[in-house]
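# Geometric and topological summary
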Amino acid sequence: MKVLYNWLREYIDIKDSPEDLVEVFTHLGMEVEESRNLKEGLSGLKTALIESVEEHPSDPHYKIVGLKLKDGSLKCVSGSEGLERGKFVFVATSGTKLASGIVGKKDVKGVVSEGNIVSLEDLGLEDKSETVFFPENVDLDTSPVEYLGLDDYLYDLYITPNRPDLLGYLGIAAELGAFYREKVHIPPYGVEEDPNINVPSIKIEDSTGCPRYTGRVISGIRVAKSPLWMRRKLYLSGIRPISNVVDVTNYVLLELGHPLHAFDLDKIDQIIVRGARDGEKILALDGKEYTLAKDTLVIADSNSPVAIAGIIGGEESSVQNTTTSIFLESAYFDPRVVAKSVFKYGLRTESSIRFMKGADYCIPPMASSRAARLIQELAGGKISKLVDVRVEGLGERKITVRTERVSGLIGIKLENRELEDLLERLNFSYEKLDSTEYRVHVPSRRRDIEGEADIAEEYLRINGFDGVSEHIHIPDNHPGDLPLDFSYYLREYLLPGGFFEIKSVEFISKREHEWFSEASPIEIANPLSPDMAVMRTSLIPGLLRAGSLNIRYGNEDVKLFEIGRVFIGEKGKDTPFKEPMRLAVFAGGFTSRQWYKKNRKFDFYDVKGVLDGLSEFLNMKFTLVESEKSLPGFLFSVDILNNGRKVGIIGEISPLVRKHFEVKVPLFVLELDLEGLKLPLIKFSDFSRFPSVRRDVSILVPKGTRAGDIIKYVLDAGIKELEKVEVVDVFEDSKVLGDKVSFTLSLQFTSFEGTLESSTVDEYVNRILQVLKQHGYEQRA
Amino acid sequence: MTEAENLRREIEEEIEKASSPEDFENIRIKYFGKKGLVTKALKSLKDLPIEKRKEAGALLNALKKEFEPLLKKKREEAKVKAHKKSWDYTLPGRRILKGNLHPLTLVELKIREIFSSLGFKFVDGPYIETDWYNFEALNVPPHHPAREMHDTFYVKNMPGLLLRTHTSPVQIRTMEKIKPPVRVGHIGRVFRVDAFDASHAPAFTQFEGLYVDKGVSFRDLKGTIMHFIYELFGKGTEVKFLPTFFPFTEPSAEVYMKWKGEWMEILGCGMVHPRVLKNVGIDPEKYTGFAFGMGVERIAMIKYGIKDIRLFSENNLKFLRQFKI
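Cut-off values and rules
- Residues numbered from 1 in each chain as written.
- Chains lettered and ligands numbered in written order.
- Predicted model: local features only at pLDDT ≥ 70, side-chain atom pairs only at ≥ 80, totals over all residues.
- Heavy atoms only, no water.
- Helix = DSSP H or I, 4+ residues; strand = E, 2+ residues; numbered from the N terminus.
- Rg over C-alpha atoms; globule rule 2.2 N^0.38 Å.
- Buried < 20%, exposed > 50% of the residue type's maximum accessible area, 1.4 Å probe, protein only.
- Contact = heavy atoms within 4.5 Å.
- Areas by Shrake-Rupley, 256 points an atom, 1.4 Å probe, with all protein chains shown as cover.
- Lys, Arg positive; Asp, Glu negative; His and termini not counted.
- Charge placed at Lys NZ, Arg CZ, Asp CG, Glu CD.
- 1 Å grid on protein atoms, 1.4 Å probe; cavity = no way out; pocket = protein on both sides within 12 Å on 5 of 7 lines; lining within 4 Å.
- Points joined across faces, edges and corners; volume = space filled by probe spheres on them.
- Nonpolar A, V, L, I, M, F, W, Y, C, P; charged D, E, K, R; others polar.
- Pairing = 2+ DSSP bridges.
- Axes fitted to C-alpha atoms, helices over the stretch in contact; angles between N-to-C directions.
- Domains from an automatic or database assignment.
- Parallel < 35°, antiparallel > 145°, perpendicular 65-115°, else oblique.
- Left-handed = near helix turned anticlockwise from the far one by under 90°.

### Details of the overall build of chain B
Helix and strand counts for chain B stand at 12 helices and 9 strands. For 325 residues, the compact-globule estimate of 2.2 N^0.38 gives 20 Å, and chain B exceeds it by more than 25% at 41 Å. Expressed along its principal axes, the backbone C-alpha trace of chain B runs to roughly 130 × 40 × 40 Å. A buried classification covers 54% of the 325 residues belonging to chain B. If you take every contact in chain B between residues at least 6 apart in sequence, the share linking residues at least 24 apart comes to 63%. Working note: accessible area of chain B is about 15,600 Å², and carbon and sulfur atoms make up 54% of it. With 55 positive and 43 negative side-chain charges, chain B shows a spacing of 5 Å between the two charge centroids.

Shown next as structure tokens:
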């Protein structure tokens, strides 16, 4: 809501300067989005008398205008019509800030212009000016800023949706009145009614949608342009001036916050407020034709709709320059009904905004009279009686307010008189029911006030929050320390491995989903872009987006992880989706290059190592099997199984996907479902106090033999003293070993009974070698 | 000059010139080794006449006693010296190349720490929600103008499902399960139809707190919020409460704090609206409560001086590496 300081002062005595008023608005819950001193940059704007008008020597479109100022004279070049000797103009001298820029001396086709003769457009007071502005009744002493009403401040206030009453000057004045303890000046709205003027019949067919409709006629008017003060106020408020009649309806909308509509009386025979018939059409004032859905609330005459109720009028019945009589509508429409039409037709107008948030059902007669009075002032004419059609029971609402209850909510012990004082400041009348209870009459404009909680808010709004003390109640049985969840420990496990945590947006493209998931996705009905059309079914696309960005930005070693939810559709179930937590890990590029360490490309084992570590960390067994059906995002992948159930995947990203992400190096990922995983209970188990003995043995196996099989056979030997088996070397060289591969295993033995003799260990190793031999694996000599 | 005196002079000269452990060892071998000059001289004592033998013997033995340990000591010293010199302490060491947490996780952990110590229990809730939990139960009926404040993503082909626009549905879900006293916190993602720019993102993180009990007032809310801001930004941070509107709280306030000379809006809060309590079957005559919500990105932006919200989801390592803890 745009508000002019001086206009506001017509309704309330403001004790603060325009600058300080900003603070007061904020204090009252009206956020000031912008405040502007309108005269800023206009100190060089002067009144001038045209002394001479000469032809421009090289361009007939321009005139050279000699101007007399109070102190000196000026020569300006102007292309405007109507420049004549003896007329007054406003001239912007060097340094003046106009809408088009800062004024300076400039050469206009060989003639120096020492200033600009300004139009209202130059001053930001209208969209398009035909000529420069010619002020009337001025002399050289006149201050243009004062004459134009620019010695003013313009605020842009954010009004919260619960306070439609603040979408008008009078509502804002009431707020300031409560704050300053001042009375609001109601603008004059008395009219002299002519009982002989006929008013068309008004019939409400849908009284839910329209509980009140008032109408009156003003006949014998002259439609014309509004005076400057009116145009200025509307234009600065963001409403384009049209004609005196339409301007007055908009003026009253801003002043009282109540929307009105004027019809050309000759174009309507009666008023029926009804639901639209299916397929009915209306050409609206915005120049568009709307095909109306059944039940859209409309104002119709006996033939067809002439307005969509509370939203927009029809073009055909609108006030034109030739209009001589009007029918003035001042009604109250139900917020839900208007909101429905607003959403349906996408029509946001000054009128619909106010009705859908909730207008004041008591104000229509006053708004009608105020507008009629102003129309008569500006356009002449005679005013009919008001016809007021309404349902019963519209009036003040009453709520019960207990001092104790309000005190309890705000945490300040209020005395009765403090509550009474608040109600008086707000201009709410009340009756005292007993020692602590009041019946409060809520004015119809304050539809947000529903109960004691609202009164508590009013108290804090008007008096500020400073009076509330601070208190913290900590329960006796509170847990005390930080309950860290599973994912915290997972993060702690990954960080020392050089993995960085990322957080990606939960939206992915449909293609990314298909690359990495077979699940049914949750799709967005109104996505921002096709790239964000699906809720992620896997964390891998997010990691690839981040990973590729970092690799393309010149990072050699990119190791990332994310812990977060994925979204899986489960059609047909009670809850048709689930949101399991997952962990995903990414390695791409090269290991970090250091003087003490040769670098290499990341490979499969870098991400597999994360799983192996996790298995130990969580004390869980994961089995890997080659994926039966490979997903298109992977070049190679293995499924991670836990108790036979697939819980994750490890793989290398396919060249197709790498190409999409513009990455040349191989990329490896791991994704693991975290549902059901939890930290193991740590339980101490006794260990041998005797030293361990290590033996390294190299085994020759056919190419393609899996390490997992070799280790399994080693364990099959069933030696309980075997503590640990590690693969410490894998050696392949066809020149030396032919078609065999050598695995070196480090076997670690210990016993609870005593230090193991060398001969005993030899025996264990031999037994192991025997088992391996059964599978055709020889010891390497 | 006696032989012993000559040898002493020679040894002293050679020690003067020596520097490496090997130098000292060579001197030792040259004079005191099996075939060393001093050893030889001692061996040849027997050829001397008896009267000279004793004096010469004493001198040579003195040499051996003095220089043999000295050379060993010098050699060890030279070794240590050589060893010391071999470390180029300006060469980068073998570092632990640790990753770090995302800044939003850092802030989340801090928030959890502060509120856990006040007895808040952290709970969870779904990101895909129904209209009831996201709007209606929170006192936002269909077509309510407050819906304008939230531009909502809807789920395709699943009428009634949407992506939650705030964390407040967790209030409803919690109060449906737990009866007062309720004291919970929740941190999670929320979604709004906002294109990315420096201060908007279609998905971001919110922290929600709720406390419902007998006799809870705005005073408790103010105390809790002030405590939180002091813990996070330092005691004595200037804070102000300004009135605002949320459909699910009444009275409602917006909290600002002064940070580097500027007032920054950091959270919204209020007393739980009586209708919200009724919606979950809690009698507002018996119980009152407060709730608050804030953007975790916003907190992180203020705390770390980040100017662009997009950085949180871009995941550039140049950004992520800065949050070492």
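Past the structure itself, the notes keep going.
### Notes on the layout of surface pockets
Residues and elements named next belong to chain A. Estimates place the volume of the largest pocket at around 2,100 Å³. Surrounding the largest pocket, 40 residues form its lining, Lys608, Asp612, Leu624, Gly708 and Ile711 being those nearest its centre. Secondary structure elements with two or more residues in the lining of the largest pocket: helix H16 (604-618), strand S35 (623-626), strand S36 (634-642), strand S39 (693-702), helix H18 (707-716), strand S40 (722-732) and strand S41 (740-749). At 9 residues, the largest contribution of residues to the lining of the largest pocket is made by H16. Broken down by class, the residue content of the lining of the largest pocket amounts to 19 nonpolar, 8 polar and 13 charged.

### Quick notes on the sheet that holds strand S6 (residues 88-93) of chain A
All names here are of chain A. An order of S5-S4-S3-S6-S11 is seen for the 5 strands of this open sheet, with the pairing classed as antiparallel. On the outer flanks of this sheet lie strand S5 (72-78) and strand S11 (115-117), each paired with one strand and no other. Taken pair by pair, the neighbouring strands of this sheet meet at an average axis angle of 45°, ignoring direction. Of the pairings in the sheet, the one linking S6 to S11 comprises 3 bridges and is antiparallel in character. Looking at S11, one finds that Thr93 is bridged to Gly115.

### Quick word on the domain arrangement of chain A
You can read the domains of chain A as domain 1 (2-38 + 153-180), domain 2 (45-147), domain 3 (202-390), domain 4 (399-443 + 451-463), domain 5 (486-673) and domain 6 (693-779). Taking only C-alpha atoms, the centre of domain 2 of chain A and the centre of domain 5 of chain A are 70 Å apart.

### Regarding the packing of helix H1 (residues 3-17) of chain B against helix H2 (residues 21-32) of chain B
Residues and elements named next belong to chain B. Relative orientation of the contacting elements H1 and H2 amounts to 165°, with a least axis distance of 10 Å. The orientation of H1 with respect to H2, classified from their angle, is roughly antiparallel. With respect to the hand of their crossing, H1 and H2 are arranged in right-handed fashion. For the pair H1 and H2, the contacting residues are Leu7, Glu10, Ile11, Glu14 and Ile15 in the first and Phe24, Ile27, Lys30, Tyr31 and Phe32 in the second. When its residues are assigned to classes, the contact of H1 with H2 shows 7 nonpolar, no polar and 3 charged.

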